[in-house]
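Residue-level structural notes
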Amino acid sequence: MNLSAHDQPGDQGKTSGNRHNQAYEGLRSLLLSGNVKPGTRLTEAELTRMFDVSRSTMRSVLVRLAQEGYVTSEVNRGVRTRSFSVEEAADILEARETLESALAGKAAERATDEEIRELRATLEEMEDCKKRGDQAAYSRGNRRFHQQVKEAAHQQTLARAFDTLLYPLVMRQYRNLTAPHPRSGSLEEHQAILLAIVTRNPDAAVAAMRHHVASARRALLLRSADVDSGEPSTQPTQDAEPAQDAERDEDAGADPGEQPVTPAAPAAPAPSVNSSDRARPEPPPDQKGPLCAM
């Protein structure tokens, strides 16, 4: 192998580590995007070409992803993308509800004025996207809003635990593509979260986020057999849906066969308050519902 001026022998270990990390992040992002169906077989040969790394490097990447739960590795079946049972999906979504509501409560305590301005700007963009009917842009704004809440919490232990959850894969497997997007009530739920953060009300922020995540969870097809079966697939990833559709996590519409869940009280209006406001409005109470048919 010819070494460039930047790839001298003393740097080979560092370069190898960088290539491993780049391939890991690239494949992990691909899996989280939802462009690969559950149960799809991943071949080393194809992946090494895709990410331009050696087979040994890709093999170590796959071992790492298997240890973290993104893929499964079985004798005579090879490495495949993860497929979740209803029980596994319910556990992950329940953990997400707990962790993200706690992060929202910390954001109400610790968010800086600049972080609140950024949250407000994101929510305004989401409202504009909804009016224009731009579903992809709304989804991007939605993901950015949740990321901003997590960062505004300034709680690294909670954030790390949250980042280990595989809920984007669960959302990809169980989302309802036939339902309206964004989900009815999604924007108002985000507004209630922001209002609680702006008014520095941790209890209201926890309740608002819990209600929001629970509503998104109920909209998934966990009570229906009409989901990706997770049967092995050998089709190339190009046949899968676009990534922006795969990540409609907060905004998947309600299952047409179910009665929609109606909040006990109207969601909070778009916030127009400042950090100094004294009001402490409570969001609609969280409404629990079964994750799957018992």
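In case you missed it, the structure is sitting above this.
Below or above, wherever it landed, is the structure these notes cover.

Cut-offs applied
Residues numbered from 1 in each chain as written. Predicted model: local features only at pLDDT ≥ 70, side-chain atom pairs only at ≥ 80, totals over all residues. Heavy atoms only, no water. Salt bridge = Lys/Arg side-chain N within 4 Å of Asp/Glu carboxyl O. Helix = DSSP H or I, 4+ residues; strand = E, 2+ residues; numbered from the N terminus. Buried < 20%, exposed > 50% of the residue type's maximum accessible area, 1.4 Å probe, protein only. Core = buried A, V, L, I, M, F, W, Y, C linked by side-chain atoms within 4.5 Å. Pairing = 2+ DSSP bridges. Axes fitted to C-alpha atoms, helices over the stretch in contact; angles between N-to-C directions. Parallel < 35°, antiparallel > 145°, perpendicular 65-115°, else oblique. Left-handed = near helix turned anticlockwise from the far one by under 90°. Contact = heavy atoms within 4.5 Å. Nonpolar A, V, L, I, M, F, W, Y, C, P; charged D, E, K, R; others polar.

Taken as a whole and judged by the stated rule, the model has 16 salt bridges. Measuring nitrogen to oxygen at the nearest pair gives 3.3 Å for the salt bridge that ties E97 to R217. Taken together, the residues span a long stretch of sequence, with E97 in helix α4 (residues 86-110) and R217 in helix α10 (residues 202-218) at a distance of 120 residues. Judged by relative accessible area, which is 8%, R217 ranks as buried. A salt bridge links D128 to R132; the nearest nitrogen and oxygen atoms lie 2.3 Å apart. Of the two residues, D128 and R132 are both situated in helix α5 (residues 113-132); the distance of four residues between them amounts to about one turn of the helix. On the accessibility criterion, D128 (38% relative accessible area) is partly exposed. Residues joined by salt bridges that share partners form a network here, namely E97, R210 and R217.

Looking now at the nonpolar core. Generally speaking, nonpolar side chains in soluble globular proteins are found buried as a group. In this structure, L27, L42, M58, L65 and Y70 are the most contacted members of the largest nonpolar core, which totals 36 residues. If you list the elements that add at least two residues to this core, you get α1 (12-33), α2 (44-51), α3 (55-68), α4, α7 (156-163) and α8 (167-174). Among the elements that line this core, the one with the most residues is α1, at six residues. Counting 26 residues, the second largest nonpolar core, distinct from the first, contains A104, A108, A111 and Y138.

Right, let's get into the pairing of strand β2 (residues 71-74). In terms of strand pairing, β2 meets strand β3 (residues 78-81) through four bridges, oriented antiparallel. Residue pairing in the sheet places V71 in a bridge with T81 of β3. In sequence, β2 turns back onto β3 through a hairpin of three residues, with N76 there showing a positive phi of about 70°.

The next subject is the packing of α5 against helix α6 (residues 135-153). Across the interface, α5 lies against α6 with an axial gap of 9 Å and an inter-helix angle of 165°. Relative to α6, the element α5 is oriented roughly antiparallel. Considering how the two elements wind past one another, α5 and α6 form a crossing that is left-handed. Counting all contacts with α5, which are made through E115, E118, L119, T122, E125, M126, C129, K130 and R132, the residues of α6 involved are A137, Y138, G141, N142, R144, F145, Q148, V149, E151 and A152. Per-class residue counts for the contact of α5 with α6 are eight nonpolar, four polar and seven charged.

Fair warning: the whole summary comes from geometry, so function is off the table for now.
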